[in-house]
Amino acid sequence: MAVQRIELGGGDLWKSKAKALQLRLRDRFRVVVDRHRRRPHIFSAASDDYFSSTVQRWLNHFRDFRRDSLHSPSAFYRKRVSKDFNADDESVIIRMVQSVAVPLIGNMCHVFMHGLNRVQVYGVEKLHDALLHRPKNKPLLTVSNHVASVDDPFLIASLLPHSVLMDAQNLRWTLCASDRCFKNPVSSAFFESVKVLPVARGEGIYQKGMDMAIAKLNSGSWVHIFPEGSRSRDGGKTMGSPKRGVGRLVLDADTVPLVIPFVHTGMQEIMPIGATLPRIGKRVTVLLGDPIQFDDILDAEGVENISRGKMYDAVASRIGQRLQQLKIQVEKLALEQSVEFQQAAAGITEQAADMLQQVESGGSFGAGIHVSTKDRVLPCEIRPSQDATYQQELRSSDRYFRIGFSYDSIIISRMRGYMDSTELLGFAARGLFMNYRAKEHTASIRDVVPVRAWKQFLEANLLGQWNAC
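All of these numbers come straight from a predicted model, not from anything done at the bench. Within any chain, residue numbers begin from 1 and follow the written order of that chain's sequence. Local features in this predicted model are restricted to residues of pLDDT 70 or higher, and side-chain atom pairs are both shown and tallied only at a pLDDT of 80 or more, whereas totals for entire chains, interfaces and linings draw on every residue. Each side-chain value is derived from all of the structure's non-hydrogen atoms; neither hydrogens nor water enter the calculation.

A count of helices and strands for the protein gives 18 helices and eight strands. Buried positions account for 37% of the 469 residues belonging to the protein. Reported accessibility uses the Shrake-Rupley method at a 1.4 Å probe radius. Residues are deemed covered only where the shown protein chains occlude them. For the protein, the accessible area works out to roughly 29,100 Å², and carbon and sulfur atoms hold 56% of it. A run of H or I in DSSP counts as a helix once it spans at least four residues, and a run of E counts as a strand once it spans at least two, with each numbered from the N terminus. Working definition: with a 1.4 Å probe on protein chains only, accessible area under 20% of the residue-type maximum means buried, over 50% means exposed, and in between means partly exposed.

What follows covers the state of the cysteines. In this description, the term disulfide denotes a pair of cysteine sulfurs within 2.5 Å. Under the criterion given, the structure shown has one disulfide. Note on cysteine connectivity: Cys176 is disulfide-linked to Cys181, with sulfurs 1.8 Å apart. Its S-S torsion of approximately 60° makes the covalent link between Cys176 and Cys181 right-handed. With respect to burial, Cys176 and Cys181 carry one shared label: buried.

So, about the environment of Ser158. Within the element layout of this structure, Ser158 appears in helix α5 (residues 151-158). Taking the relative accessible area as the measure of exposure, Ser158 reaches 0% and is therefore buried. Expressed as a C-alpha distance, the spacing of Ser158 and Met113, which sit 45 residues apart in the sequence, is 6.2 Å. A polar contact is formed between the side chain of Ser158 and the backbone oxygen of Leu155, at a distance of 2.6 Å. Here a polar contact is recorded for every N or O atom pair within 3.5 Å, except that within protein the pair must consist of a potential hydrogen donor and a potential acceptor, and residues adjacent in sequence are included only if both atoms are side-chain atoms.

Here the focus is the packing of aromatic side chains. Stacked, edge-to-face and tilted labels apply to pairs of Phe, Tyr and Trp rings (six-membered ring for Trp) whose centres lie within 6.5 Å, assigned for plane angles under 30 degrees, over 60, and everything in between, in that order. Under the defined criterion, the tally for this structure stands at five aromatic pairs. Note on Phe112 and Phe154: the rings are 5.1 Å apart at their centroids and 45° apart in plane angle, and the pair reads as tilted. With Phe112 in helix α3 (residues 92-115) and Phe154 in helix α5, the pair connects residues that are 42 residues apart, well separated along the chain. Relative accessible area serves as the criterion here: at 14%, Phe112 is assigned to the buried category. Accessibility expressed as a relative area gives 13% for Phe154, which makes it buried.

Counting 38 residues, the largest nonpolar core has Leu141, Val143, Leu249, Val250, Phe294 and Ile319 as the members making the most contacts within it. Among the elements that make up this core, the one with the highest residue count is helix α13 (residues 308-361) (eight residues). Non-local contacts of Leu249, meaning those with residues more than four positions away in its chain, are made with Leu141, Met210, Ala213, Ile214, Leu217, Ile225 and Pro257. The set of buried Ala, Val, Leu, Ile, Met, Phe, Trp, Tyr and Cys residues whose side-chain atoms join them within 4.5 Å is what this entry labels a nonpolar core. Ranked by size, the runner-up nonpolar core spans 33 residues in total, among them Phe112, Val147, Leu155 and Met267. In what follows, residue pairs with any heavy atoms lying within 4.5 Å of each other are defined as contacts.

Here, a salt bridge means any side-chain nitrogen of Lys or Arg that lies within 4 Å of a carboxyl oxygen of Asp or Glu. In the structure shown here, the tally under the stated rule is 10 salt bridges. The partner of Arg248 in a salt bridge is Asp211, and the shortest N-O contact between them spans 2.8 Å. Highlighted residues: Arg248 in helix α10 (residues 245-251) and Asp211 in helix α9 (residues 208-218), separated in sequence by 37 residues. The buried category is assigned to Asp211, whose relative accessible area is 3%. Where Asp252 meets Arg248, a salt bridge forms, and the shortest distance between an N and an O atom there is 3.0 Å. Asp252 sits in the buried class, given a relative accessible area of 0%. Take Arg248: its relative accessible area is 0%, and that puts it in the buried class.

This part is about the layout of surface pockets. Think of a 1 Å grid over just the protein atoms. A cavity is a set of points where a 1.4 Å probe fits yet cannot get out, a pocket is an open set with protein on both sides within 12 Å along at least five of seven lines, and lining residues have an atom within 4 Å of a point. Grid points are joined across faces, edges and corners, and a volume is the space filled by probe spheres set on the points. Here the largest pocket is characterised by a volume of approximately 1,500 Å³. Forming the boundary of the largest pocket are 50 residues, of which His146, Leu175, Cys176, Ala177 and Phe226 lie nearest the centre. In terms of residue count, α5 provides more of the lining of the largest pocket than any other element does, five residues in total. Put simply, Ala, Val, Leu, Ile, Met, Phe, Trp, Tyr, Cys and Pro go in the nonpolar bin, Asp, Glu, Lys and Arg in the charged bin, and everything else, Gly too, in the polar bin. Partitioned by chemical class, the residues of the lining of the largest pocket number 29 nonpolar, 11 polar and 10 charged. Size it by volume and the second largest pocket reaches roughly 890 Å³. Taken together, 33 residues line the second largest pocket, and the ones lying closest to its centre are Gln169, Asn170, Trp173, Lys195 and Ser221.

Printed below as a string of structure tokens:
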């Protein structure tokens, strides 16, 4: 009996110590130890150790394989792409469709921009010179801001004459998000037929779409890209930071492309956010800049130990800075153009009022009125730069695009070759006067002063001669 009491006393002692330890752990780590919810072990200790060691060994093998054979997604490197990359996917049928669809849509967009809207371009010869006179197999990369969903092809088509728009092979390639332009087989076939390459959002700069764009540059083609990656959400008031992908297009190509920047304003009025159809009667201003040079960045690569990612960022940053500078200039030009256009409209209104007064007094139309367009900005004029060398080449060579786009307005420009400006204003004033008199008075048309003057002239001259005969 004494032995049993000692054993019980020892058991109670160990239980009390375990309870005290449990309470101490709970108070110290705020953890409650529950002995009743312990799950039974499925495997023994030996089998559990073997299983965990096997899994750990395979994980180590996989990590070593990724480190030795694959590039880390956080590391940047130069990925070379052949110019024949993805050439097998471009069948003869696709090329035939492109040769028809690209000129057709391009000319339609050109007519829409210059026929139903007002477009003024500064420095357009820089793009034309790059298209015609760059060395053979020298790639061309154009970059611009993105404010509307129809920036491409509407704006690109407005910069080119019809003769260039008919050459589908030398026109631009561009990129578009696959979730926007390649959602179904129909839209995919359409955008593929107009030389659009798919890119997937979030898949990085080493995806297939970027490789396809570099392949086009390696073959000497023209690629257009929006460095911002997406449209401006505030109607073009601000410009987003350029993405790193444009840096890869410049640095990973076999030959550094000729980079031409341009900035535009007014396209947000033609196609506002949420609109389904483009609008007409708007004014668009485009400014093209000089080619961007990257020689210092390329030289630093060989001298200093700079990572590839930093070089991509340096190229993208330089392109973004140039676009910001052009944006300030184009907004200033657009404001000046708007003010001058309003002044010109006010001057035409005054001239029309003078003609209306002459019509009412029985005077001749347009007499003593001279319309001067020397200092007036024409609404739809493409203004080349005043470079003497370029002007001499324009006069001496027919290879340059002789695109004046010098018409003063949309319809009046077509009539300028057949009617003098004073006669045109006189005709307009006469129409205004006749409509005004017809609404104000219900008298017969014989009471209108111009008609009565012509009637008196005919009776005094022609009818008198006929009676004499």
